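Chain and residue survey
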Amino acid sequence: MPIRKRHKKRNDHTITPAAVTAFNAGEWLALHAALDLAPWQYSPLDVTDERRPHEDTDRHALALKLRRELQAAA
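Computed from a predicted model, the values in this text were never measured in an experiment. (Residues numbered from 1 in each chain as written. Predicted model: local features only at pLDDT ≥ 70, side-chain atom pairs only at ≥ 80, totals over all residues. Heavy atoms only, no water.)

1. A look at the overall build of the protein chain
A tally of regular secondary structure across the protein chain gives three helices and zero strands. Along the protein chain, from the amino end to the carboxyl end, the secondary structure elements read α-α-α. Considering the protein chain as a whole, with its 74 residues, one finds that 27% of them fall into the buried category. Partitioning the contacts of the protein chain with sequence separation of at least 6, the portion at a separation of at least 24 is 29%. As displayed, the protein chain offers around 5,800 Å² of accessible surface, 53% of which is attributable to carbon and sulfur atoms. (Helix = DSSP H or I, 4+ residues; strand = E, 2+ residues; numbered from the N terminus. Buried < 20%, exposed > 50% of the residue type's maximum accessible area, 1.4 Å probe, protein only. Contact = heavy atoms within 4.5 Å. Areas by Shrake-Rupley, 256 points an atom, 1.4 Å probe, with all protein chains shown as cover.)

2. Remarks on the nonpolar core
With nine residues, the main nonpolar core is built from Ala19, Val20, Ala22, Phe23, Leu31, Leu35, Leu37, Leu66 and Leu70. Only α1 (17-25), α2 (28-35) and α3 (57-73) provide two or more residues apiece to this core. In terms of residue count, α1 provides more of this core than any other element does, four residues in total. Setting aside its immediate chain neighbours within four residues, leucine 37 contacts His13, His32, Tyr42, Pro44 and Leu66. (Core = buried A, V, L, I, M, F, W, Y, C linked by side-chain atoms within 4.5 Å.)

3. A short note on the packing of α1 against α3
Each pair of packed helices can be described by the angle between their axes along with the distance between the axes. α3 packs onto α1 with a crossing angle of 95 degrees between their chain directions and a minimal axis gap of 10 Å. In terms of axis orientation, α1 runs roughly perpendicular to α3. For the pair formed by α1 and α3, the contact residues are Ala19, Val20 and Phe23 on the first element and Arg67, Leu70, Gln71 and Ala73 on the second. Taken together, the residues of the contact of α1 with α3 sort by class into five nonpolar, one polar and one charged. (Axes fitted to C-alpha atoms, helices over the stretch in contact; angles between N-to-C directions. Parallel < 35°, antiparallel > 145°, perpendicular 65-115°, else oblique. Nonpolar A, V, L, I, M, F, W, Y, C, P; charged D, E, K, R; others polar.)

As C-alpha cells, this is what we get:
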C-alpha cells in the first residue's frame with residue numbers, strides 16, 4: 001500500500017529585502033506576499049503593542065514579532 005507523504009506546514013516567515021521594502025512603503029498585499037502570510041493572518045502593518053480584547057493572541061503575537069523584526073531590519 002503506498003504511503004502518502006505529509007509535508008511539514010511551512011510557517012517560517014523570513015524577512016527579505018522585498019518584505020522590508022513593502023513594509024516601509026506600507027503596501028499590505030506586497031508585504032503579505034513577501035512574508036508568505038495567509039489572507040486571514042494579521043498584517044505587521046496593522047498591529048501595535050496594545051492588544052485589543054477581540055484579537056487572537058497567537059496571530060497578534062506573530063504579527064507583532066514580524067513588525068519588530070521588520071523595524072530592526074529597516
